[in-house]
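Secondary and tertiary structure notes
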Amino acid sequence: MTSEAPPLFEDPAGTWNARYEGSEFRFGTTPNAWLESHGSLFQPDQRVLCVADGEGRNSVWLAGRGLEVDAFDIAEAGVAKARRLAVERGVKVNCTVSDCDSFTWQPRHYDAVVIVFIQFADPAKRARIFANAKRCLKPGGFVAVQGYTTKQLEYKTGGRRASRTCTRKRCFGRPLATCRSRS
Ligand SMILES: C[S@@+](CC[C@H](N)C(=O)[O-])C[C@H]1O[C@@H](n2cnc3c(N)ncnc32)[C@H](O)[C@@H]1O
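The structure reproduced in this document is the subject of the present report. For clarity, every value in this text was computed on a predicted model and none was experimentally measured. (Residues numbered from 1 in each chain as written. Predicted model: local features only at pLDDT ≥ 70, side-chain atom pairs only at ≥ 80, totals over all residues.)

1. Some remarks on the pairing of strand β5 (residues 137–146)
- One ladder, built from six bridges, connects strand β4 (residues 110–116) with β5; its direction is parallel. Looking across to β5, one finds that Ala112 is bridged to Phe142.
- The parallel pair β4 and β5, bridged by helix α5 (residues 123–135), forms a crossover whose chirality is right-handed. (Pairing = 2+ DSSP bridges. Helix = DSSP H or I, 4+ residues; strand = E, 2+ residues; numbered from the N terminus. Right-handed = clockwise from strand over helix to strand, strands pointing away.)

2. A short note on the sheet that holds strand β1 (residues 47–51)
- Within the open sheet, the five strands sit side by side as β3-β2-β1-β4-β5. Their pairing is parallel. At either margin of the open sheet sits one strand with a lone partner, and together these are β3 (93–97) and β5. Shown here is a sheet whose adjacent strand axes are inclined to one another by a mean of 15°, direction ignored.
- Bridge analysis of β1 against β4 gives four bridges, and the strand direction is parallel. Along β4, the bridge assignment pairs Val51 with Ile115.
- Together, β2 (68–73) and β3 form the strand contacts of helix α4 (residues 76–89), whose direction differs from that of β3 by roughly 165°. (Axes fitted to C-alpha atoms, helices over the stretch in contact; angles between N-to-C directions. Contact = placed C-beta atoms within 7 Å.)

3. Comments concerning the site of the ligand
- Neighbouring the ligand are 18 residues; Trp16, Ala52, Gly54, Ile74 and Ala75 lie closest to it.
- Those elements giving two or more residues to the shell around the ligand turn out to be α1 (12–19) and α3 (57–64).
- Across the shell around the ligand, the residue classes break down as 10 nonpolar, four polar and four charged. (Near = placed C-beta within 6 Å. Nonpolar A, V, L, I, M, F, W, Y, C, P; charged D, E, K, R; others polar.)

This is the structure in structure tokens:
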């Protein structure tokens, strides 16, 4: 018997591939607003990893700012669109199809890791993502995380309706211990 809660999706890749069917971009082609508002953190020639990058709106934007960008997502359909968007915008993003637990997180490799909306992750998976993100940072690097707090559950405008998938400050505690935080 295990005390771990059941996975949130039976078939995450299948679920997201279905959501990304068609030519429309589910989350648009402009970057996440919070990420864009923190654009000054990202400098040309930095190497950045975009986790669960979906259809590429964030990775392509970062590549357009002159960063060297790696990205991955579990959904092949999302990655295919991200690749197309990069070509359309004339930028290079190294996109791979991968689950966050099987991705090769290269230690001390990135100046920044970008994590935007990972409500797919239960607390245990989220802790592994944060720990891997920290491990693959170069000294002085940073992790940029955008997520819903439990307030989002009241709005009912998107994201999963499960408080365990929401991001609270305490989520960062152990995996990102020793990191300084800023909002
Ligand atoms: C809410 S979307 C956010 C996409 C992107 N970060 C953005 O801001 O547009 C969540 C993404 O997580 C991806 N995903 C779900 N489970 C995953 C897993 N286990 N490993 C990697 N990616 C996953 C989905 O395919 C989807 O693209």
